[in-house]
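Per-entry structural report
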Amino acid sequence: MSEIHIIGCGFVADLYMKSLATFPDIRIVSVYDRDPDRLAAFCAYWSVTPAASLEEILRSQPEGRLILNLTNPDSHYEISRACLDAGFHVYSEKPLAMNMEDAFALHEIAAERGLMLASAPCSILSEAAQTLAAAIRAEICGKPRLVYAELDDDFIPQAPHDKWFSESGAPWPYEDEMRVGCTLEHAGYYLTWLIGVFGSVKTVVAASADVIPGKLADGGAAPDFSVATLFFESGMVARLTCSIVAPHDHQIRIFGEKGVIEARDAWNNDAAIRFRRRYSLRRRLINHPFPQRIRLKGPTHPKVPRTGA
């Protein structure tokens with residue numbers, strides 16, 4: 001039986017609870033949030049035990065236990081550091097920290113203490129990512145030459161986000177999302193897939209822009225559009241685009257010498273992985289209009305239904 005504590009009971013915590021419910025060998029020891037009303041609502045909804053304070057968790061038995069750090073992004077470094085200092089393994093919501101210095105500092109502390117430190121996203125472990133990786137390794141599309149990956153979420157400032165609530169009643173954290181920005185929030189989904197398949201990135205050529213001004217009254221919003229070209233040590237080249245402006249598009253396409261491997265959505269662990277064979281018809285070059293679905297053999301993992309916006 002694995003034992004964990006949860007710190008932070010906001011919007012994302014309910015998504016974790018739905019996922020954790022598929023693992024009967026995990027026990028939630030206690031939960032804490034600095035907002036007592038949010039803590040009470042969360043614990044009542046999920047029937048978990050509240051901790052009286054953060055210090056109560058940090059003073060408890062750390063050996064073999066993991067802390068899920070689901071706090072606001074600007075608290076990630078401070079909370080994760082306190083947990084590591086207390087001897088706990090840590091899994092943090094994204095981003096690991098708000099700047100690289102703090103991220104490296106956390107890794108150094110974890111290494112010195114022999115503790116595990118990880119950060120969302122972990123969708124590289126999903127059936128979709130593993131199926132796509134296996135298809136590329138098998139060269140189903142031939143030798144891969146180029147990747148296009150999109151993480152566009154539509155015109156979010158105009159969305160009815162004030163009506164978005166988690167299962168236990170937490171509001172969607174609009175301000176946090178705007179301050180962190182779509183790049184730090186979302187690029188990691190496909191970055192982890194691409195690095196997991198193609199290895200280390202040697203060079204990044206990138207640009208970003210704030211094309212929707214006034215998203216936050218104090219002007220503290222991060223850029224709402226970014227595009228990067230990634231040059232891998234292995235020779236692969238990929239383009240990764242993030243925005244909260246362009247219409248919803250989470251597809252990834254790997255262009256190979258025999259055709260295209262594609263998936264429509266990185267955030268769906270059960271996303272279909274398809275292959276479009278390339279062929280010539282008279283004087284035209286065609287990617288097959290009816291793609292072949294690629295599946296892995298053997299059992300898969302439990303799927304958690306996605307609901308809402």
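The structure under discussion appears in the preceding block.
The rules behind the values
Residues numbered from 1 in each chain as written. Predicted model: local features only at pLDDT ≥ 70, side-chain atom pairs only at ≥ 80, totals over all residues. Heavy atoms only, no water. Pairing = 2+ DSSP bridges. Helix = DSSP H or I, 4+ residues; strand = E, 2+ residues; numbered from the N terminus. Axes fitted to C-alpha atoms, helices over the stretch in contact; angles between N-to-C directions. Expected span 1.5 Å × (residues − 1). Bend = angle between axes of the 7 residues up to and from the residue. Core = buried A, V, L, I, M, F, W, Y, C linked by side-chain atoms within 4.5 Å. Buried < 20%, exposed > 50% of the residue type's maximum accessible area, 1.4 Å probe, protein only. Contact = heavy atoms within 4.5 Å. Phe/Tyr/Trp six-rings, centres within 6.5 Å; stacked < 30°, edge-to-face > 60°. Polar contact = N/O pair within 3.5 Å; in protein donor to acceptor, adjacent residues only side chain to side chain.

Describing the sheet that holds strand β4 (residues 89–92)
- Taken in spatial order, the 5 strands of this open sheet run β2-β1-β3-β4-β5, and their pairing is parallel. This sheet does not close on itself; its edge strands, each paired only once, are β2 (26–32) and β5 (117–119). When the angles between neighbouring strand axes are averaged without regard to direction, this sheet yields 20°.
- Note that strand β1 (residues 2–7) and strand β3 (residues 66–69) share 4 bridges and pair parallel. Residue pairing across strands places His5 opposite Ile67, the latter belonging to β3.

Quick look at helix α7 (residues 174–198)
- The end-to-end C-alpha distance of α7, which contains 25 residues, comes to 34 Å, matching closely the 36 Å that a straight helix rising 1.5 Å per residue would cover.
- At Gly181, α7 is deflected by roughly 95°, the largest bend along its length.
- Downstream of α7 by a residue or two, Gly199 has a phi angle that is positive, lying close to 90°.

Considering the nonpolar core
- Counting 39 residues, the largest nonpolar core has Ile252 and Ile261 as its most contacted members.
- Listing elements by their share of this core, those giving two or more residues are α6 (127–137), β6 (144–152), α7, β8 (225–232), β9 (237–243), β10 (252–256), β11 (259–263) and β12 (273–281).
- Per element, the largest residue contribution to this core is 9 residues, and it comes from α7.
- Ile252 has contacts with Leu132, Val147, Tyr148, Ala149, Tyr190, Trp193, Leu194, Ile261, Glu262 and Ala263, leaving out every residue within four places of it along the chain.

Structural notes on the pairing of β11
- The buried fraction of β11 is high, at 5 of 5 residues.
- Sheet topology note: the β10/β11 ladder contains 4 bridges and is antiparallel. Residue pairing for β11: Phe255 is matched across the bridge by Val260.
- Hairpin connection between β10 and β11: a loop of 2 residues separates the two successive antiparallel strands.
- In terms of strand pairing, β11 meets β12 through 5 bridges, oriented antiparallel. In the strand pairing of β12, Glu262 is matched with Arg274.

Structural notes on the packing of aromatic side chains
- Overall, the coordinates contain 8 aromatic pairs when judged by the stated rule.
- The interplanar angle of 90° and the centroid separation of 5.3 Å between the aromatic rings of Tyr148 and Phe255 together place this pair among those described as edge-to-face. Taken together, the residues Tyr148 in strand β6 and Phe255 in strand β10 connect sequence positions 107 residues apart.
- Plain terms: the ring middles of Tyr190 and Trp193 are 5.3 Å apart, the flat faces sit at 85° to each other, and that makes the pair edge-to-face. Residue Tyr190 and its partner Trp193 are both found in helix α7; the two are separated by 3 residues, about one turn of the helix. For the pair shown, Tyr190 and Trp193 are each scored as buried.
- Put simply, the rings of Trp164, Trp172 and Tyr174 pair up and form one aromatic cluster.

So, the side chain of His5
- Tracing the backbone shows His5 in strand β1.
- A polar atom in the side chain of His5 sits 2.8 Å from the side chain of Ser30.
- Contacts of His5, omitting those with residues within four sequence positions, involve Val29, Ser30, Ile57, Ser60, Arg65, Leu66, Ile67, Leu68 and Phe88.

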